[in-house]
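A look at the structure
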Amino acid sequence: MSDSEDEGTPRLSPHALAALQEFYAEQKQRTDSGGEDKYSIGIIEENWQLSQFWYNQETALRLAEEAVAAAGEGGRIACVSAPSVYQRLRQRRGDHCSVCLFEYDRRFAVYGEEFIFYDYNLPLELPEWVAAHSFDIVIADPPYLSEECLRKTAETIKYLTRGKILLCTGAIMEEEAARLLGVKLCEFVPKHTRTLGNEFRCYVNYASGLDREL
Ligand SMILES: C[S@@+](CC[C@H](N)C(=O)[O-])C[C@H]1O[C@@H](n2cnc3c(N)ncnc32)[C@H](O)[C@@H]1O
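The structure contained in this document is the topic of the report that follows. All figures in this text were calculated on a predicted structure; none of them were measured in a lab.

Each value, and the rule that gives it
- Residues numbered from 1 in each chain as written.
- Predicted model: local features only at pLDDT ≥ 70, side-chain atom pairs only at ≥ 80, totals over all residues.
- Pairing = 2+ DSSP bridges.
- Helix = DSSP H or I, 4+ residues; strand = E, 2+ residues; numbered from the N terminus.
- Contact = placed C-beta atoms within 7 Å.
- Axes fitted to C-alpha atoms, helices over the stretch in contact; angles between N-to-C directions.
- Near = placed C-beta within 6 Å.
- Nonpolar A, V, L, I, M, F, W, Y, C, P; charged D, E, K, R; others polar.

As a further point, take the sheet that holds strand 3 (residues 115-117). Spatially, 3-2-1-4-5-7-6 is the arrangement adopted by the seven strands of the open sheet, whose pairing is mixed. Of all strands in the sheet, those bounded by a partner on one side alone are strand 3 and strand 6 (184-185). Relative to strand 2 (residues 98-103), strand 1 (residues 76-80) is paired through five bridges, and the arrangement is parallel. The partner of Arg-76 across the bridge, within strand 2, is Ser-98. Sitting on the sheet, helix 4 (residues 83-91) touches strand 1, strand 2 and strand 4 (135-140), and the angle it makes with strand 2 is about 155 degrees. The strands touched by helix 6 (residues 174-181) are strand 5 (161-170), strand 6 and strand 7 (200-204); relative to strand 5, the strand with the most contacts, the crossing angle is about 165 degrees.

What follows deals with the site of the ligand. In the region of the ligand, 20 residues are neighbours, and Ser-81, Ser-84, Tyr-104, Asp-141 and Pro-143 sit closest. The element best represented in the shell around the ligand is helix 4, accounting for three residues. When grouped by side-chain class, the residues that make up the shell around the ligand number eleven nonpolar, five polar and four charged.

Honestly, that's just the spatial picture; any functional story needs more than this.
This is the structure in structure tokens:
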């Protein structure tokens, strides 16, 4: 190309180029999933046999933002039985966190290596490469409101976390949660796409943003 041709070619600013690349990446994501974003909450339908109740958009976003803030730049986030938070994290652009989804429902294996099969009944049966205390924050929403389920899930949480824990479970689990994980009730109240019979709450063991209204 001659100098004159080069001068005549419109150039994009780095900012415009980055926006264009982001647009193409989003387009590709939609195309790869047959037109819909494969990380949309609800794209994998609730299966009530597996105690699946998805958060609404606002809650998933608030929890995803909290996880990123708590993990810090380049941090590692584990979503344990909380696929909507994983999906919301993956829909966000510009985060530099790495995220893993520990989940029993193998439909979520569509997310490739970030999906790790997990059964709370076997709390420490995890792939060898999942090192102890290798996640900056663990966010967990166990499938059942029972002491046994929370106790076993707590084993996994304590194995995975470097310290921070964000637990979502029933209001009736407050005492067990405090005993097993040292977490305290937050002001923020999580909401689901459906009205549930049990009141759900969030619990943390660090100074989180979930005690402030936005
Ligand atoms: C109450 S839902 C929490 C989902 C969360 N509200 C969300 O929107 O991401 C319980 C989760 O536990 C998962 N689950 C069901 N059986 C499980 C098992 N045996 N071990 C681990 N997780 C299980 C379900 O697939 C579901 O994702």
